[in-house]
Structure formats: structure tokens, C-alpha cells
Amino acid sequence: VYLICLCCCKRDRDAESKRPHSCCVTWMAVTAGLICCAAVGIGFYGNSETNDGVFQLLYALDHANQTLTGIDSLVASTTLQMQGALEQHLARLNELLASRGDYVQTLKFTQQLAGSIILQLQGLPAWRGVSADLTLLSGQVAYVEYYRWLAYLLFFILVLTVCLLACLGLAKHSRCLLVMMLCCGLLMLVLSWASMAVDTAAAVGTSDFCVAPDKFIMNQTDDEISAEVVHYYLYCDQSLSSPFQQALTVFQRSLTTMQIQIQGLIQYALPLFPTAEVQERRAGDPHPSFCSPELPDPSLSPQKDLLGVQHLLNSSETSLHQLTALLDCRGLHKDYLDGLIGICYDGVEGLLYLGLFSLLAAAAFSTVICAAPRAWRQLAARDRDYDDMDEEDPFNPQARRIATHRPPRGQLRSFCSYSSSLGSQSSLHPPAQTVSNAPVSEYMNQAVLFGGNPRYENVPLIGRGSPPPTYSPSMRATYLAVTDEHVRHRGDFSA
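Residues numbered from 1 in each chain as written. Predicted model: local features only at pLDDT ≥ 70, side-chain atom pairs only at ≥ 80, totals over all residues. Heavy atoms only, no water.

Enquirer: So what exactly am I meant to see when it comes to the overall build of the chain here?
Expert: Within the chain, the secondary structure is distributed over 15 helices and 0 strands. Looking at the chain as a whole, 35% of its 495 residues are labelled buried. Put simply, of all contacts in the chain between residues at least 6 apart along the chain, 82% involve residues at least 24 apart. Accessible surface computed for the chain: about 29,500 Å², of which carbon and sulfur atoms make up 61%. (Helix = DSSP H or I, 4+ residues; strand = E, 2+ residues; numbered from the N terminus. Buried < 20%, exposed > 50% of the residue type's maximum accessible area, 1.4 Å probe, protein only. Contact = heavy atoms within 4.5 Å. Areas by Shrake-Rupley, 256 points an atom, 1.4 Å probe, with all protein chains shown as cover.)

In C-alpha cells:
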């Protein structure tokens, strides 16, 4: 790039001004500024697209994590109900209905069905490990994405700042700004290539994942979940049966049978047992109470336990419907597709735009670095042109600036001090020779008319100590030699 810019921008120097053309440096600066602005615009779009894709992936991961956590929660709560509260109610009912063998047999059958449901629930895959992995992955991705987005935002601001610094350095012809621009340009060039390398590596790695994401996921989960379950959620083929269909069917049938058995007990056993138990207890009491009515004892009634069992079965049926909906492949498969779309479309597209931004930024700063040496040579050529002039020439603009810091040397007389060194204006006699073809009186009248001094208008420029309008150092040496000779001649004449 540097050689191309050098060949395209090489110009011959002007023979009169002896200064290189600054058009090439100007156009290079303008081109670099435009490229920087375009690169930053593309970078902002790519950064936003990447951020949107990553957040879509995070949303899909969080939703899938909630689904898996909900499955584990429902399985754990249903198992706890079957093993804890249901067994307590059935044990009390066995004591209360011990006199009826058929009722006791029904309770035992109900307990067997509860055990069957527990076995089916234990056969379902435990998603606790997968859920923990998804939580860890989601947290890491969110952490990295936040700092990546913030770093690129600061990088964009830094690029614009360096471009502004380069424009100021070239516009003000400041060597300090040019040196700072060159150092910052080299740093930004290195950062641009590093950013492009990171973006390219991330885009290539993500693209490799997006080519066959199902194989990657199956390889990562083969130790925790069976391949059949992973295949069911990844492809969600409706022609294939669910791997949980048998367990859910057994759960549903067992639960329905238990509800029928408990409903029969409520219908037939509940009206009989409280009255019978109370009567037997009243008959065996040696001191019957005739003042209080004979009411059934609630502690001996199976109604509370039967209704408690019925409530547990209804709650388990609700959990069964929720578990069936959560285990269906459509929910997790939708989260899987949303995550893939976010990372494989928006994410990769954003990374490609960020790579284009890095490439354009590298080209812009390469142009700035190529323009810096030419701008430096231009400033050096301008300083040489100033050095070619006489610092003590009163007509030199640079001498006026130097005069404020350093007084002129005494031996070089200026136009203002020349008359005082030779005497007053009345002692100055014009030379004998004439330098104008016009009559002296007419020339003096014209000088008075235009505000000049008629006594000196016919005096040659050399005699008046005034240099010619345009001269070179060699012409100045000739002028000083002639002036000194003229001064000596006047001194001899006065003596």
C-alpha cells in the first residue's frame, strides 16, 4: 500500500517555488478521513448485529434452562407427593379400614400404583446437570459479550479521535501533531489488524459450528443424556414417537386407576365406618354419657384421609399435564432454532461487518502513515524556503516575527535606521547622477502630490539603502557591497 501511494503521489517539484505539491497529501488525508467514517459506520452496524444475535442466543438458552428446570421440579414434587404424603394417608386408611378386607386390598393396590408412578418418574432423564451447564454457559457468554461490545464502542471512539488528530496535524502543519498522529496511527494499525484477526477467527469458528450443530451438541451431551433423547429434541420429527411416551402413558393410566379406587372408597366406605366405629366405642364405654348426643369422632373417620388422597391425585394429574407439555419436543426445539438463528445469522453477519470495519480502518491508517512522511517533507521544504531568506531583511515576514524576540544587529542597517547613521535628512545630499528620464521638477511635483518626499525621489535606490523588491542571497551580497562602497565614497567626499 505504501509503494502504491508513493508511486501515485510522486510529483516533480516546481522549479520556481522549489516546494513539493501538497495536493497528494491533502487527498490522502481526505481519503483516510472518509474511509475512517465509513469504517466506523459499518462497525457500529456490525457491533449491533452481533449483540442482537448473542442476546437472542442468551434468551433461547435461558428459556430452555427454565424448561429443563421446570421438568426437574415437577418430577421432584410429584415423587415427593407419592412417597411422602400419599403413603401417610394410605397407612392411616389401612388402620381405619382394617376390618374390611376388600377395602384393605384396594388400598394396597393403590399403593402399588403409586410405586409404579414413582418408578416411571425415576426413569425420566435428570436435567439437573444439563441445566447447570446451560446456566454456566449463559453467564460466560453474557460476560464476554458485554465487554466485547464495550471494547468495540471504545475502539470506534478512538478511531474517530485519531482521524481528527490526523486532520488537525495536516491542516495546522504542526510537527508535534504529526509525530503524535504517526504514533497513534501505528498503534491503531496494529489494533485494527488484531481486531480483524479476532473477528475472522470468531466468524470461522462460529461458521464451523453452524455447519453441523447437532453433531457437536450430541458429542457434548453423550455422557449425561441418551442419544435418543437428544435426537428427539434436535430434530423433533413428528413421525417418531417420543422416548417419554411409555412412561407418561403408564403414569396417566396408574393415576386414573388410583382416582377410580379412591372415588369408590369415598362412595361406599365413608358412610359406614364412622358410625360403626363410634357405636362400637360407645357400647364398650362403662360410663355412657346421656347428656351429649352421639356424634361421630372426626379422628376416627376416614373422610379426611380419603379426601387428602383425592386432592393429591388431582394435583398429580395437573403435574402430569404440565410435564407432558414440557417434555414435548416443540418447545425445546424452538429454543434450539432461535439460538441457532441468533448466533449463525445475526452473529456471523455482525462479525463479518466487524471484520470489514477492521480492514477499512487498517487501510485508512495505512494511508495516514503513508501521508505522514510526505507531510513532514513538505514542512521541511517550507522551513528551508524560510531559511533561504535573510532573517534581518526588514521586508521578510519572518524577520518581523524574529524581531519581537531578538533585536537586529547594528551593522546591518535597515531602512528606518539608515538615515540616522548618515546624519540628519538636511545633511543628506542627493547624488549627481540621474536615474529618471523625466524632468526633475515634474518628478518632484508628482512625488509631493502622492505624499512622497521631493528631496529623495530622484535618489537611486542603492543610495537610499532600500533593497530591490525581489532578490536572492547572491543579490543581497551584491547590494551590500555596493551600499558599503557608496557609504565610503560619501565619507571621503565629506572629509
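From this point, the discussion proceeds with the structure in view.
Enquirer: Teacher, can you tell me more about the pattern of salt bridges here?
Expert: Opposite charge on two side chains permits pairing when their charged atoms draw close. In total, this model carries 5 salt bridges according to the counting rule given. Measuring nitrogen to oxygen at the nearest pair gives 3.1 Å for the salt bridge that ties lysine 334 to aspartate 338. On the criterion of helical spacing, the pair formed by lysine 334 and aspartate 338 is a turn pair, its members being 4 residues apart in helix α11 (residues 329-387). (Salt bridge = Lys/Arg side-chain N within 4 Å of Asp/Glu carboxyl O.)

Enquirer: Honestly, the state of the cysteines in this entry has me stumped. Any pointers?
Expert: Under the definition given, this model contains 3 disulfides. For cysteine 210, the disulfide goes to cysteine 344, at an S-S distance of 1.8 Å. Its S-S torsion of approximately -90° makes the covalent link between cysteine 210 and cysteine 344 left-handed. Of the two residues, cysteine 210 is situated in helix α5 (residues 175-211) and cysteine 344 in helix α11; the sequence distance between them amounts to 134 residues. Assessed through its relative accessible area of 23%, cysteine 210 is described here as partly exposed. Residue cysteine 344 is classed as buried on the basis of its relative accessible area of 17%. The disulfide partner of cysteine 236 is cysteine 329, and the gap between their sulfur atoms is 2.1 Å. Disulfide cysteine 236 to cysteine 329: torsion about the S-S bond roughly 60°, handedness right-handed. Placement of the pair is cysteine 236 in the loop between α7 (227-235) and α8 (245-268) and cysteine 329 in helix α11, with a sequence separation of 93 residues. Judged on exposure class, the residue cysteine 236 and its partner cysteine 329 are both buried. Counting only cysteine sulfurs, cysteine 163 is the nearest neighbor of cysteine 37, a cysteine outside any disulfide, at a range of 6.8 Å. Look at cysteine 37 and you get exposed, because its relative accessible area is 52%. (Disulfide = S-S within 2.5 Å.)

Enquirer: What's the story with α8 in this structure? I'm lost.
Expert: In an α-helix, one turn spans 3.6 residues, which is why side chains three or four residues apart end up on the same side. Between its first and last C-alpha atoms α8 spans 35 Å; for 24 residues at 1.5 Å apiece the expected length is 34 Å, and the two agree. Those residues of α8 that sit buried are Ala247, Leu248, Phe251, Ser254, Leu255, Met258, Ile262, Leu265 and Ile266. (Expected span 1.5 Å × (residues − 1).)

Enquirer: Is there a simple way to explain the nonpolar core in this structure?
Expert: One recurring pattern in soluble globular proteins is that nonpolar side chains are buried together. Within the largest apolar cluster, 54 residues are counted, with the highest numbers of intra-cluster contacts made by Trp127, Tyr233, Phe244, Leu323 and Leu327. Of all the secondary structure elements, the ones that give two or more residues to this core are α2 (23-96), α3 (101-123), α4 (128-172), α7, α8, α10 (303-327) and α11. Top contributing element to this core by residue count: α2, with 11 residues. (Core = buried A, V, L, I, M, F, W, Y, C linked by side-chain atoms within 4.5 Å.)

Enquirer: How should I be thinking about a negative patch on the surface in this particular structure?
Expert: Taken together, Asp133, Asp222, Asp223 and Glu224 make up a surface patch of like negative charges. Residue placement: glutamate 224 occurs in the loop between α6 (213-221) and α7. The class for glutamate 224 is partly exposed, based on a relative accessible area of 44%. (Patch = residues over 30% accessible without salt bridge, like charges linked within 9 Å, V, L, I, M, F, W, Y side chains within 5 Å. Lys, Arg positive; Asp, Glu negative; His and termini not counted. Charge placed at Lys NZ, Arg CZ, Asp CG, Glu CD.)

Enquirer: What am I meant to see in the side chain of threonine 79 here?
Expert: Structurally, the position occupied by threonine 79 is in helix α2. Assessed through its relative accessible area of 13%, threonine 79 is described here as buried. Residues in contact with threonine 79, not counting those within four places in the same chain, are Ile118 and Leu121.

Enquirer: How do you make sense of the UniProt feature "transmembrane region" (unreviewed entry) in the chain when you look at a structure like this?
Expert: Residues annotated in UniProt with the feature "transmembrane region" (unreviewed entry) correspond here to residues 23-45, 149-170, 177-196 and 351-372. Spanning residues 149-170, this segment combines 100% helix with 0% strand, and its end C-alpha atoms are found 32 Å apart. End C-alpha to end C-alpha, residues 177-196 measures 27 Å, and it is 100% helix and 0% strand. (UniProt positions renumbered as here; feature names shortened; annotations may be inferred.)

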